[in-house]
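Descriptive analysis of the structure
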Protein chains: 2
Amino acid sequence: MELSNKQITVIFKALCDENRVQIFRILQHGELCACHLLEELHLSQPTLSHHMKVLCDSGLVVGRKEGKWMHYSISQEGAKVAMDCLKEITVVTENDCKCCNNQ
Amino acid sequence: MELSNKQITVIFKALCDENRVQIFRILQHGELCACHLLEELHLSQPTLSHHMKVLCDSGLVVGRKEGKWMHYSISQEGAKVAMDCLKEITVVTENDCKCCNNQ
DNA sequence: CACACACATAGAAAAAAGTCAATATGTTTT
DNA sequence: AAAACATATTGACTTTTTTCTATGTGTGTG
């Protein structure tokens, strides 16, 4: 897939804030609209809106508009991309140390 | 394993900075000491040292001291923890929307 | 059509993270 | 023991992120 360093940071920023991690935990019980998420978090409405944008940008969460409500859910496709990305960036192709006093 | 929200953010902070992602790419070719990492990055030595600390704190990278050199490598155990964590936080237990106009 | 509701956006303030120069620490070499 | 080297720490500065209040936008309702 060849994601850029920048794109990788955007994906994993989703999980770099405690409130956002908490949002994942809540969304694990199923799709939920912003107003109900708000009830379970100690955040203002604009702050939640900001976090939902970060989450959607990462691809790990998707939003679905229905009338005046926004329904959010965890994206399994996004999760797969993140998983593949994590696997790809942590795989080691060679194990020998070609460094310093190991000449 | 039951990681706290805070612990999860510490793991994934490793991948939230472009320079750190680049460090992963370099370490994929094998263990390397800080001085050689430094040659490949446009960073000052103290900044690299800072990033290596963030990476080690995440568990995704491990450092091995050998004389005056610090050798860094990607930790496969750390990668597994991160993978399990990502899987755990994105799994959805129920899919029905119990929300708003879906009463 | 006016009002209420759900959510997004703008702008400002505060907190956190990234960066570097200077310096400290620990290790090897001469 | 002094000098040289590799890395870590400190402290200051800059940039980014988080957060809020105020306001805007779009949708449904009386």
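Structure: see above.
Residues numbered from 1 in each chain as written. Chains lettered and ligands numbered in written order. Predicted model: local features only at pLDDT ≥ 70, side-chain atom pairs only at ≥ 80, totals over all residues. Heavy atoms only, no water.

A short note on helix α2 (residues 18-27) of chain A
What counts is decided by this rule: Relative accessibility under 20% of the residue-type maximum defines a buried residue, over 50% an exposed one, and the middle range a partly exposed one, all with a 1.4 Å probe and only protein chains included. Helix numbers and strand numbers start at the N terminus; a helix is a DSSP run of H or I with at least 4 residues, a strand a run of E with at least 2. Side-chain atoms alone can form a polar contact between residues adjacent in sequence; in general such a contact is a pair of N or O atoms within 3.5 Å, and within protein one must be able to donate a hydrogen while the other accepts it.
Turning to α2 of chain A, its buried residues number three or more, namely Arg20, Val21, Ile23, Phe24, Ile26 and Leu27 of chain A. Regarding α2 of chain A, its N-cap is Asp17 of chain A, as a side-chain oxygen of that residue lies 2.9 Å from the backbone nitrogen of Asn19 of chain A further along.

Looking at the relation of the copies chain B and chain A
Going by this rule: When the copies are overlaid, the least-squares fit takes in C-alpha atoms only where the residue has pLDDT of at least 70 in both copies. Whether two residues are in contact is decided by their heavy atoms, any of which lying within 4.5 Å being enough.
Superposition record for chain B on chain A: RMSD 0.0 Å, screw rotation 180°, translation along axis 0.0 Å. With respect to symmetry, the two chain copies, as superposed, fit the operation of a two-fold axis. A shared binding surface is used by both copies, with 100% of the interface residues of chain B retained as interface residues in chain A.

A short note on the packing of α2 of chain A against helix α1 (residues 5-13) of chain B
Definition in use: To obtain each axis, a line is fitted to C-alpha atoms, and for helices this fit is confined to the stretch in contact; angles are then taken between N-to-C directions over 0 to 180 degrees. Orientation labels follow simple angle bins: below 35 degrees gives roughly parallel, above 145 gives roughly antiparallel, 65 to 115 gives roughly perpendicular, and whatever is left gives oblique. The sense of a crossing depends on the near helix, which, turned anticlockwise from the far helix by less than a right angle, makes the crossing left-handed and, turned clockwise, makes it right-handed.
Direction vectors running N to C along α2 of chain A and α1 of chain B enclose 110°, while the axes themselves pass 9 Å from each other. Between α2 of chain A and α1 of chain B, the angle is such that the two are roughly perpendicular. In terms of crossing hand, the pair formed by α2 of chain A and α1 of chain B is right-handed. In this structure, α2 of chain A contributes Glu18, Val21, Gln22 and Arg25 of chain A to the contact, and α1 of chain B contributes Asn5, Lys6, Ile8 and Thr9 of chain B.

Overview of the nonpolar core
As a reminder of what qualifies: Put simply, a nonpolar core is a bunch of buried Ala, Val, Leu, Ile, Met, Phe, Trp, Tyr and Cys residues held in one set by side-chain atoms that sit within 4.5 Å of each other.
One finds Phe12, Phe24 and Leu37 of chain A together with Phe12, Leu15, Phe24 and Leu37 of chain B to be the most contacted residues of the largest nonpolar core, which totals 58 residues. Leaving out residues up to four positions away in the same chain, Leu15 of chain B has contacts with Ile8, Thr9, Phe12, Leu86 and Ile89 of chain A together with Val21, Phe24 and Leu60 of chain B.

What about the sheet that holds strand β1 (residues 32-33) of chain A?
Residue and element names in this part refer to chain A. Stated precisely, the cut-off is as follows: By the convention used here, strands pair only if DSSP detects at least 2 bridges between them.
With antiparallel pairing, the 3 strands of this open sheet are ordered in space as β1-β3-β2. Lying at the two open borders of the sheet, with one neighbouring strand each, are β1 and β2 (61-66). Sheet topology note: the β1/strand β3 (residues 69-74) ladder contains 2 bridges and is antiparallel. Across the sheet, residue Leu32 finds its bridge partner in β3, namely Tyr72.

A closer look at the protein's contact with DNA strand D
Condition: Summary of the distance rule: residues count as near a molecule or strand when at least one heavy atom falls within 4 Å of that molecule or strand.
Neighbouring DNA strand D are 21 residues, the closest being Thr47 and His51 of chain A together with Cys35, Gln45 and Ser49 of chain B. In the interface set of DNA strand D, defined as its atoms within 4 Å of the protein, sugar plus phosphate atoms amount to 67%. Residue Arg20 of chain A places a side-chain N or O atom 2.9 Å away from a phosphate oxygen belonging to DNA strand D. Elements with a contribution of two residues or more to the surface near DNA strand D: α2 and α4 (45-58) of chain A together with α3 (34-40), α4 (45-58) and β3 (69-74) of chain B. For the surface near DNA strand D, the element with the most residues is α4 of chain A, which contributes 4 residues.

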